[in-house]
Amino acid sequence: AQSVTQPDIHITVSEGASLELRCNYSYGATPYLFWYVQSPGQGLQLLLKYFSGDTLVQGIKGFEAEFKRSQSSFNLRKPSVHWSDAAEYFCAVGWASSGTYKYIFGTGTRLKVLA
Amino acid sequence: DTGVSQDPRHKITKRGQNVTFRCDPISEHNRLYWYRQTLGQGPEFLTYFQNEAQLEKSRLLSDRFSAERPKGSFSTLEIQRTEQGDSAMYLCASGAGGRYEQYFGPGTRLTVT
């Protein structure tokens, strides 16, 4: 069965420091991979996506993610965190099945940024 | 492209009452999803529409829940005889045919007292 694991429930970094949020997935083939960000009381905003091709993908707000098939990972990175990046981040896996698109989400990582 | 909208943003209801939520997807998006999100969790799939057809329902969706998308545009999610365990954020997302990503609305926060 497909699954998504985000091992870190909370992460705290200082403003200006680099960030890496981990995501591991379980799926038989190459899935579609996504990172979303959610601010308190809001919906999810798509940061970036991977479908195929270059394994390093760039997203909005200065984020990037790298797909590593051998490790079944899709970790999110940012070289220098801003205070406004404090939010919850969700990794998601999608796949096509019988003409539909299906998705499952990790449990999220809450990012706190210290001034 | 005005994004996915949901109404209301917040709903407080008493146990046993019925509630209905509305989702307006991005125009021309033929795929529409409903999710439920509780504190500290990611979104959990509830149901999926392709145009007006409801193609899939989660086992999480009890008989008290029903969803419609009558003309393939907006969708409604109704919960009958609400229970305290229904308290959650209900999220709607839409996607265009042939594109894999989905876009979320701001959600409806339901509190059942």
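Trainee: Can you break down the overall build of chain A residue by residue, with the values?
Mentor: When helices and strands are counted, chain A shows zero helices and 12 strands. N-terminal to C-terminal, the α/β element order of chain A is β-β-β-β-β-β-β-β-β-β-β-β. Relative to the 2.2 N^0.38 estimate, which gives 13 Å for 115 residues, the radius of gyration of chain A is 14 Å and therefore close to what a compact globule would have. Seen through its C-alpha atoms, chain A measures out along the principal axes to roughly 50 × 30 × 25 Å. For chain A, with 115 residues in total, the buried portion stands at 46%. Counting contacts in chain A only where the partners sit at least 6 residues apart, residues at least 24 apart contribute 52% of the total. Surface summary for chain A: the accessible area is close to 5400 Å², and the carbon and sulfur share equals 49%.

Trainee: Lay out the overall build of chain B with the relevant residues and their values.
Mentor: Check the secondary structure of chain B and you find zero helices and 11 strands. Shown N-terminal to C-terminal, the secondary structure of chain B runs as helices and strands in the order β-β-β-β-β-β-β-β-β-β-β. Taking 13 Å as the expected radius of gyration for a compact globule of 113 residues, we find that chain B reaches 13 Å, a close match to that expectation. With respect to the principal axes defined by its C-alpha atoms, chain B has extents near 40 × 25 × 25 Å. Counting the 113 residues in chain B, one finds 46% classified as buried. In chain B, the 15 positive side-chain charges and the 13 negative ones have mean positions that sit 5 Å from each other.

Trainee: Go over the interface of chain A and chain B with me, naming the residues and quoting the values.
Mentor: Taken residue by residue, the interface counts 20 residues in chain A and 24 residues in chain B. Taking both partners together, chain A and chain B bury about 1800 Å²; carbon and sulfur atoms supply 55% of that area. For the pair chain A and chain B, the interface holds two salt bridges. A salt bridge links Glu56(B) to Lys102(A); its shortest N-O distance comes to 3.2 Å. Here chain A is connected to chain B by nine residue pairs in polar contact (both at pLDDT 80 or more). Tallying contributions element by element places strand β11 (residues 100-105) of chain A first for the side of chain A that touches chain B, with five residues.

Definitions and limits used
- Residues numbered from 1 in each chain as written.
- Chains lettered and ligands numbered in written order.
- Predicted model: local features only at pLDDT ≥ 70, side-chain atom pairs only at ≥ 80, totals over all residues.
- Heavy atoms only, no water.
- Helix = DSSP H or I, 4+ residues; strand = E, 2+ residues; numbered from the N terminus.
- Rg over C-alpha atoms; globule rule 2.2 N^0.38 Å.
- Buried < 20%, exposed > 50% of the residue type's maximum accessible area, 1.4 Å probe, protein only.
- Contact = heavy atoms within 4.5 Å.
- Areas by Shrake-Rupley, 256 points an atom, 1.4 Å probe, with all protein chains shown as cover.
- Lys, Arg positive; Asp, Glu negative; His and termini not counted.
- Charge placed at Lys NZ, Arg CZ, Asp CG, Glu CD.
- Buried area = accessible area lost by both parts, 1.4 Å probe.
- Salt bridge = Lys/Arg side-chain N within 4 Å of Asp/Glu carboxyl O.
- Polar contact = N/O pair within 3.5 Å; in protein donor to acceptor, adjacent residues only side chain to side chain.

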